[in-house]
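Listed here are the chains, written in short residue letters.
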Amino acid sequence: MELAMAAEELKTVVNRLRRAQGQIAGVIKMIEEGRDCEDVVTQLAAASRALDKAGFAIIATGLQQCLTDGDMAASEDREEMRARLEKLFLSLA
């Protein structure tokens, strides 16, 4: 399944991933410095949310493409695509 994203959608996803990358780097540094467990977990949760949001944005784009793609005429193809997108969605749940 190829995924073509509009420039604005792509920018949003990349920004979320960069935010998560920075948060993960912060978590590593906090652990190395022996910081408070609650602070580490809070920062880790923020990184996890940023990754989830990026993943959901990518899946939403895939769903939109699937629903509007004229090449998905055969019901078998639609069912296969639905199953693949469902699997992706559930991997983030």
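Owing to the predicted nature of the structure, the values given are computational and were not obtained by experimental measurement.

(A) Spotlight on the overall build of the protein. Within the protein, the regular secondary structure consists of three helices and zero strands. For the protein, with 93 residues in total, the buried portion stands at 19%. Sequence separation of at least 24 residues holds for 67% of the intrachain contacts in the protein that already meet a minimum separation of 6.

(B) Up close: a nonpolar patch on the surface. The grouping of Leu17, Ile24, Ile28 and Leu51 at the surface amounts to a nonpolar patch, some 310 Å² of accessible area in total. In terms of residues, the nonpolar patch owes the most to one element, helix α1 (residues 7-32), which gives three residues. As for its position among the elements, Leu17 is in helix α1.

(C) Geometry of α1. Look at α1: 37 Å from first C-alpha to last across 26 residues, which is about the 38 Å you get at 1.5 Å a residue. For α1, the set of buried residues is Val13, Ala20, Gln23, Val27 and Met30. Gly34, located one to two residues past α1, shows a positive phi value of around 70 degrees.

(D) The arrangement of the side chain of Gln23 in detail. Assignment of secondary structure puts Gln23 in helix α1. Under the relative-accessibility criterion, Gln23 is labelled buried at 14%. Gln23 has contacts with Gln43, Ala46, Ala47 and Ala50, leaving out every residue within four places of it along the chain.

(E) Broad picture of the environment of Ile58. Tracing the backbone shows Ile58 in helix α2 (residues 37-68). Between the C-alpha atoms of Ile58 and Leu10, which are 48 residues apart in sequence, the distance is 8.7 Å.

(F) Focus on the environment of Leu10. Note on placement: Leu10 falls in helix α1. Spatially, the C-alpha atom of Leu10 lies 9.6 Å from that of Ala54, the residues being 44 residues apart in sequence.

(G) Broad picture of the environment of Leu88. Structurally, the position occupied by Leu88 is in helix α3 (residues 75-92). What makes Leu88 partly exposed here is its relative accessible area of 37%. Residues Leu88 and Ile58, spaced 30 residues apart in sequence, show a C-alpha to C-alpha distance of 9.8 Å.

Calculation criteria
- Residues numbered from 1 in each chain as written.
- Predicted model: local features only at pLDDT ≥ 70, side-chain atom pairs only at ≥ 80, totals over all residues.
- Heavy atoms only, no water.
- Helix = DSSP H or I, 4+ residues; strand = E, 2+ residues; numbered from the N terminus.
- Buried < 20%, exposed > 50% of the residue type's maximum accessible area, 1.4 Å probe, protein only.
- Contact = heavy atoms within 4.5 Å.
- Patch = residues over 30% accessible without salt bridge, like charges linked within 9 Å, V, L, I, M, F, W, Y side chains within 5 Å.
- Areas by Shrake-Rupley, 256 points an atom, 1.4 Å probe, with all protein chains shown as cover.
- Salt bridge = Lys/Arg side-chain N within 4 Å of Asp/Glu carboxyl O.
- Expected span 1.5 Å × (residues − 1).

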